[in-house]
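Residue strings, one per chain:
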2 protein chains.
Amino acid sequence: MRNALYIQSGGPTTVINTSAYGVITACRENSDKIGRLYCAEYGMVGLLNNRLIDVYSEDSTQLELLQQTPSSIFGSCRYHVTDESDYRKILTTLQQHDIGYLFYNGGNGTLRACRDLIRYLDSRNYDCNVVVVPKTVDNDIGGIDHSPGFPSAARHVAITVSELAHDIRVYDTGLITVVEVMGRNTGWLAAATLLSSRDGNGPDLIYTPEVPFETERFLKDIRGVYEQKGKCLAVVAEGVRDSGGKYLFEYGRENAVENPEISMGGVTPYLTMLLRGEFPCKVRGIDLGLMQRCGMHTAAPVDLREAAQLGGAAVTAALNGVSGKMVTLQRVSSSPYLVKEALADVEEICDLDASMPLEYITDDKNYIRESFLDYIEPLVGELPKYANLKMNLA
Amino acid sequence: MRNALYIQSGGPTTVINTSAYGVITACRENSDKIGRLYCAEYGMVGLLNNRLIDVYSEDSTQLELLQQTPSSIFGSCRYHVTDESDYRKILTTLQQHDIGYLFYNGGNGTLRACRDLIRYLDSRNYDCNVVVVPKTVDNDIGGIDHSPGFPSAARHVAITVSELAHDIRVYDTGLITVVEVMGRNTGWLAAATLLSSRDGNGPDLIYTPEVPFETERFLKDIRGVYEQKGKCLAVVAEGVRDSGGKYLFEYGRENAVENPEISMGGVTPYLTMLLRGEFPCKVRGIDLGLMQRCGMHTAAPVDLREAAQLGGAAVTAALNGVSGKMVTLQRVSSSPYLVKEALADVEEICDLDASMPLEYITDDKNYIRESFLDYIEPLVGELPKYANLKMNLA
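Residues numbered from 1 in each chain as written. Chains lettered and ligands numbered in written order. Predicted model: local features only at pLDDT ≥ 70, side-chain atom pairs only at ≥ 80, totals over all residues. Heavy atoms only, no water.

Draft legend 1. Structural view of the overall build of chain A. Per the secondary structure count, chain A includes 14 helices and eleven strands. On C-alpha atoms alone, chain A measures out to a radius of gyration of 23 Å, which is about the 21 Å that the 2.2 N^0.38 rule sets for 394 residues. For chain A, the spread of C-alpha atoms along the principal axes amounts to about 75 × 50 × 35 Å. Evaluated residue by residue, chain A yields a buried proportion of 63% over its 394 residues. Considering only contacts in chain A between residues 6 or more positions apart, those separated by 24 or more positions represent 76%. Between the averaged position of the 37 positive side-chain charges in chain A and that of its 51 negative side-chain charges there is a distance of 2 Å. (Helix = DSSP H or I, 4+ residues; strand = E, 2+ residues; numbered from the N terminus. Rg over C-alpha atoms; globule rule 2.2 N^0.38 Å. Buried < 20%, exposed > 50% of the residue type's maximum accessible area, 1.4 Å probe, protein only. Contact = heavy atoms within 4.5 Å. Lys, Arg positive; Asp, Glu negative; His and termini not counted. Charge placed at Lys NZ, Arg CZ, Asp CG, Glu CD.)

Draft legend 2. Quick peek at the sheet that holds strand 9 (residues 282–287) of chain B. Residues and elements named next belong to chain B. If you walk across this open sheet you meet the four strands as 7-8-6-9, and the pairing is parallel. Unpaired on one side and paired on the other, strand 7 (205–207) and strand 9 mark the two borders of the sheet. Adjacent strand axes in the sheet meet at a mean angle of 15° when their direction is disregarded. Both strand 7 and strand 8 (residues 231–237) contribute to a ladder of three bridges, which runs parallel. Within the sheet, the bridge partner assigned to Leu 205 lies in strand 8 and is Ala 234. Together, strand 6 (175–181), strand 8 and strand 9 form the strand contacts of helix 10 (residues 268–278), whose direction differs from that of strand 9 by roughly 175°. (Pairing = 2+ DSSP bridges. Axes fitted to C-alpha atoms, helices over the stretch in contact; angles between N-to-C directions.)

Draft legend 3. The arrangement of the environment of Ala 307 of chain B in detail. All names here are of chain B. For Ala 307, the position within the fold is in helix 12 (residues 301–319). The sequence separation of Ala 307 and Phe 74 amounts to 233 residues, and the corresponding C-alpha distance is 16 Å. Once you skip the residues sitting within four places of it in the chain, Ala 307 turns out to touch Val 15, Thr 18, Ser 19 and Pro 148.

Draft legend 4. View of helix 12 (residues 301–319) of chain A. Residue and element names in this part refer to chain A. Spanning 19 residues, helix 12 covers 28 Å between terminal C-alpha atoms, matching the ideal 27 Å at 1.5 Å per step. For helix 12, the complete set of buried residues consists of Val 302, Asp 303, Glu 306, Ala 307, Leu 310, Gly 311, Gly 312, Ala 313, Ala 314, Val 315, Ala 317 and Ala 318. Positive phi shows up at Gly 321, right after helix 12, with a value of about 90°. (Expected span 1.5 Å × (residues − 1).)

Draft legend 5. Focus on the interface of chain A and chain B. Listed per partner, the contact involves 68 residues of chain A and 68 residues of chain B. Summed over both sides, the interface of chain A with chain B buries roughly 6000 Å², with 62% coming from carbon and sulfur. Taken together, the links from chain A to chain B amount to two salt bridges. With a closest N to O distance of 2.6 Å, Asp 167 of chain A and Arg 293 of chain B form a salt bridge. For the pair chain A and chain B, the interface holds 33 residue pairs in polar contact (both at pLDDT 80 or more). Mapped onto the side of chain A that touches chain B, the elements with two or more residues apiece are strand 3 (52–54), helix 3 (60–65), helix 6 (150–167), helix 10 (268–278), strand 9 (282–287) and helix 11 (291–294) of chain A. A total of six residues in the side of chain A that touches chain B trace back to one element, the largest contributor, which is helix 6 of chain A. (Buried area = accessible area lost by both parts, 1.4 Å probe. Salt bridge = Lys/Arg side-chain N within 4 Å of Asp/Glu carboxyl O. Polar contact = N/O pair within 3.5 Å; in protein donor to acceptor, adjacent residues only side chain to side chain.)

Draft legend 6. Local environment of the sheet that holds strand 4 (residues 99–106) of chain B. Residues and elements named next belong to chain B. A sheet is described by the order of its strands in space; here seven strands give the open sequence 3-2-1-4-5-10-11, paired in mixed fashion. Strand pairing shows two members of the sheet lacking a second neighbour, strand 3 (52–54) and strand 11 (337–345), which therefore form its edges. Neighbouring strand axes in the sheet, compared pairwise and without regard to direction, differ in orientation by 30° on average. Across the face of the sheet, helix 1 (residues 16–29) comes into contact with strand 1 (3–8), strand 2 (37–40), strand 4 and strand 5 (129–134) while running at roughly 175° to strand 1. Contacting strand 4, strand 5, strand 10 (325–334) and strand 11, helix 12 crosses the sheet at an angle of about 40° to strand 11.

Draft legend 7. Structural context of helix 8 (residues 215–229) of chain B. All names here are of chain B. Over its 15 residues, helix 8 runs 21 Å from end to end, which matches the ideal 21 Å to within 8%, given 1.5 Å per residue. Of the residues making up helix 8, those classed as buried are Phe 218, Leu 219, Asp 221, Ile 222, Val 225 and Tyr 226. Looking down the long axis of helix 8, one finds its buried residues gathered within 160° of arc, a one-sided arrangement. Seen from the buried face of helix 8, the exposed residues on the opposite side, beyond 90 degrees, are Glu 216, Lys 220, Glu 227 and Gln 228. Here the buried face of helix 8 lies against strand 6, strand 7, strand 8 and helix 10. Gly 230, located one to two residues past helix 8, shows a positive phi value of around 80°. (Arc of directions from axis to C-beta.)

Draft legend 8. Summary view of empty space enclosed by the protein. Under the counting rule described, the total for this entry stands at one cavity of 30 Å³ or more. Every residue along the wall of the largest cavity is listed here: His 156, Thr 160, Met 291 and His 297 of chain A together with His 156, Thr 160, Leu 288, Met 291 and His 297 of chain B. Going through the elements one at a time, helix 6 of chain A together with helix 6 (150–167) of chain B are the ones with two or more residues in the lining of the largest cavity. Taken together, the residues of the lining of the largest cavity sort by class into three nonpolar, six polar and no charged. (1 Å grid on protein atoms, 1.4 Å probe; cavity = no way out; pocket = protein on both sides within 12 Å on 5 of 7 lines; lining within 4 Å. Points joined across faces, edges and corners; volume = space filled by probe spheres on them. Nonpolar A, V, L, I, M, F, W, Y, C, P; charged D, E, K, R; others polar.)

Draft legend 9. Local environment of the environment of Gly 142 of chain B. Residues and elements named next belong to chain B. Mapped onto the elements, Gly 142 comes out in the loop between strand 5 and helix 6. According to the relative accessible area criterion, Gly 142 is buried, its value standing at 3%. Once residues lying within four places of it in the same chain are set aside, the contact partners of Gly 142 are Asn 108, Met 326, Ile 349, Leu 352 and Ala 354.

Draft legend 10. Up close: the relation of the copies chain A and chain B. The operation relating chain A to chain B is a screw motion whose rotation component is 180°, with 0.0 Å of axial translation and a residual RMSD of 0.0 Å. These values place the two chain copies in the arrangement generated by a two-fold rotation axis. With an isologous cut-off of 70% or more, the 100% of interface residues of chain A that recur at the interface of chain B puts this contact in the isologous class. (Least-squares fit on C-alpha atoms with pLDDT ≥ 70 in both.)

Draft legend 11. Fine view of the packing of helix 6 of chain B against helix 14 (residues 372–380) of chain B. All names here are of chain B. Across the interface, helix 6 lies against helix 14 with an axial gap of 9 Å and an inter-helix angle of 95°. On the basis of the axis angle, helix 6 is roughly perpendicular to helix 14. Of the residues in helix 14, those touching helix 6 at Phe 150, Pro 151, Ala 154 and Arg 155 are Tyr 375, Ile 376, Leu 379 and Val 380. (Parallel < 35°, antiparallel > 145°, perpendicular 65-115°, else oblique.)

Draft legend 12. Spatial organisation of unusual backbone geometry. Residues and elements named next belong to chain A. Residue Pro 336 is bonded to the preceding Ser 335 through a cis peptide linkage, with omega at 0°. Within the secondary structure layout, Pro 336 lies in the loop between strand 10 (325–334) and strand 11 (337–345). Located in the positive-phi region is Lys 365, a residue other than glycine, with phi close to 60°. Positionally, Lys 365 belongs in the loop between helix 13 (346–349) and helix 14 (372–380). Looking at Lys 365, the relative accessible area reads 39%, which means it is partly exposed.

Draft legend 13. Focus on the environment of Arg 51 of chain A. Position of Arg 51 of chain A relative to the elements: it lies in the loop between helix 2 (44–48) and strand 3. Residue classification places Arg 51 of chain A among the partly exposed residues on the basis of a relative accessible area of 35%. Spatially, the C-alpha atom of Arg 51 of chain A lies 5.8 Å from that of Glu 41 of chain A, the residues being ten residues apart in sequence. Those residues within four positions of Arg 51 of chain A in sequence are excluded, and the remaining contacts are Cys 39, Ala 40, Glu 41 and Gly 46 of chain A together with Leu 393 of chain B.

Draft legend 14. Molecular detail of the packing of aromatic side chains. Residue and element names in this part refer to chain A. Tallied over the full model, the rule gives 30 aromatic pairs over all chains. With 6.4 Å between their ring centres and 65° between their planes, Trp 188 and Tyr 360 make a pair best called edge-to-face. In this pair, Trp 188 is assigned in helix 7 (residues 188–192) and Tyr 360 in the loop between helix 13 and helix 14, connecting sequence segments 172 residues apart. Each member of the pair, Trp 188 as well as Tyr 360, carries the same accessibility label: buried. What links up through ring pairs into an aromatic cluster is the set Phe 150, Trp 188, Tyr 360, Phe 372 and Tyr 375. Seen from the ring of Tyr 126, Arg 2 lies directly overhead, with NZ or CZ sitting 5.5 Å from the centre. Above the face of the Tyr 251 ring, Lys 246 is positioned so that its terminal group lies 5.0 Å from the ring centre. (Phe/Tyr/Trp six-rings, centres within 6.5 Å; stacked < 30°, edge-to-face > 60°. Lys NZ or Arg CZ within 6 Å of the ring centre and 35° of its normal.)

Laid out in structure tokens, this is it:
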């Protein structure tokens, strides 16, 4: 009976350990077909250094808690395997532990690393069923309706922006607020803040990386809202870039040669600097930061369920002889919300880097269309309700 | 039958509207004794401009939702009433609406404003029972075990820092993280992050404004942890200052004459700049920001209950003829958690600006003693549990 290996890869998400739980549970349930289950310590680096964690030696109560523990508990790395000697070390580790099933939990970078690893293992006639469990907060994996990790990050930004929208209205003084959300290449998370606008507590403007960011246009947009309301709340994805493809945070970096620290917060420092030069009122920059990828207290119930489900589905697939595939979700309907499991070919999807469809972005390129709600609402789940008062004067 | 007025004052908190709900409910229940209930629009500014919101014209379902709506829904201001002409305008507003009961919801600034207002109304023989409902995230009000607003902010920072502590362990590379929390003059919120350390996922170092911040000592502390663990997570209250009483964020401001934006984020930009000059590893600064005062999704159940309770208690007190008092909570026991309502004299407590007792701070001045848990645990409530694995290698 051969053994299984589970690897966490790339950046953490809120529910990646929930997928680990799904893999572990399914492996245990198939103890007649799969021997031991190992987890690589710090991702691929654990394979290179032959450091595999023996999952079944863990306390089962603690393993249950994986479902609600954020951020890649087995560790991850940014190391990219490219040379032959690394591959040989990996093969040695796999052989030594007789790994016949490999579950790789990651995003686009992982898919490409996985493709290369499969090609190498094939070239060496090493028999191993490799299945990818998707994971990303950016939602930029191709071949899937949405990836585990995204719904929880989306819920985090939607709730947080609703709350901030309440906070910024407290004073009767001018205020421009820029909220930066994750999304290096896609605007899915920025777009998710549209959910908070349903009861009038959302952003006035939303900027995504899918369309070029024009500074003059941005200032004009802000001015328009500010002159009407005396306030403006703009949500900006960290990955917005100009028409030449240059990231806006690179502008900040150039303006900060002598103060490198202002370049580290993404796009907010640059935009707030810009706005302070143009508007006399208070300008506030808020980076929602790492909490988007580790905020278990705002995890979306659908996400928790699907993350575990896809972990289990990967094990089932591998036991059925599947290899070189990613387990995916296809949406059957949005209302009622229904998805079905499927498999996507790693070779086919690993270079897709899926963006948000442009049809979701308004003609003005500064907001998201209502049609996006069909997609996002069932993923994020019900949001808190807040009082909406008429404020009639006596 | 005379009318009542409710005023939100100072900075918002997560549960200040829950106190509003308590006041509204109690006034309604006493409709045989209190006529109309008004809320000042934008706090004291609403009194000056005679803009009072007619609460009973609101939909009752929406008023119910006040219990779960963050951040001073009726608005607040930073305006300080000092001159006679302002007081005359206020008196005119009170007279016009025949206000016999005034409920002032705020912190230390509000207590002082309230003291002055009471003195003025007394000097003009205007009969009005004025009762303060306490509110602060900093927990710096005297004469009370803890103020509504603080437990929820404390819960927010405790949960968020636990989650961040998971996130920063993901990579096997050096990392120093500085997390800035609110607390201009007190370290209560910084100290509350001790709760996250109970399962090994908390900060390594905690700095509060109660003891002078020594830069050399700070760097030595960080180095000590970093050399042992390869990582360091330090929590710093925004209000830390040097032995001369100068705020650390003022240092940042001086270092940022040409880039004023780095001075706006409090103490984090300065400390991260400092650390980047001293350590070769990645240094990350995270400001938990406004979410500490508006994060309704992390509100502490005890806080929600007590915020409403004290709103109601203020109405009861005013109806009993009490004036010039703040409704307070005195702790009877921590286990089981039991508090009793009491009244504190506004004149006596308005200048106290309560700090955290020094006995809670370790001799090294860089951490909080376990004895603090007795105080904070019942306020914050049960925290999420996370998996704690042994990580045995195969």
